[in-house]
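# Fold and geometry: a report
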Amino acid sequence: MLLMRLPTNYFKVTGATHGQLTPYWTKQLDKPILEARQLSQRGGALRCEWRGDKVILWDRAVTFMQSELWLD
């Protein structure tokens, strides 16, 4: 097993939950762009935009994995 230590200034917010909540809250607040904060021990902030059929998340991030999916 290969373990890798990340630098201490890596991105501290995961976008999965923000991506799920953005469509709901943009409709509730009638705003297409929201500023979000993850209030956890590590914390972090990002900008979320709902563009009809997709969510755009902005901030600095670290790519830790890439993949491709083929469907036959």
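Use the structure listed above.
The text that follows walks through the structure, step by step, so that each part is easy to find.

The rules behind the values
Residues numbered from 1 in each chain as written. Predicted model: local features only at pLDDT ≥ 70, side-chain atom pairs only at ≥ 80, totals over all residues. Heavy atoms only, no water. Helix = DSSP H or I, 4+ residues; strand = E, 2+ residues; numbered from the N terminus. Polar contact = N/O pair within 3.5 Å; in protein donor to acceptor, adjacent residues only side chain to side chain. Contact = heavy atoms within 4.5 Å. Expected span 1.5 Å × (residues − 1). Bend = angle between axes of the 7 residues up to and from the residue. Buried < 20%, exposed > 50% of the residue type's maximum accessible area, 1.4 Å probe, protein only.

Moving on to the side chain of E49. Positionally, E49 belongs in strand 2 (residues 44–50). At 3.1 Å, the side chain of E49 and the side chain of R51 are in polar contact. Not counting residues within four places of it along the chain, the set of residues in contact with E49 comprises T22, P32, I33, K54, V55, I56 and W58.

Let us look at helix 1 (residues 16–29). In this model, helix 1 (14 residues) spans 20 Å end to end at C-alpha, consistent with the 20 Å of a helix rising 1.5 Å per residue. Taking the largest bend as the criterion, helix 1 deviates by roughly 40 degrees, centred on T22, and proline P23 comes between one and four positions later. Along helix 1, the residues that are buried comprise H18, T22, P23 and T26. Among the structural elements, strand 1 (33–38), strand 2 and strand 3 (55–58) are those in contact with the buried residues of helix 1. Once helix 1 ends, the next one or two residues include D30, with phi positive near 55 degrees.

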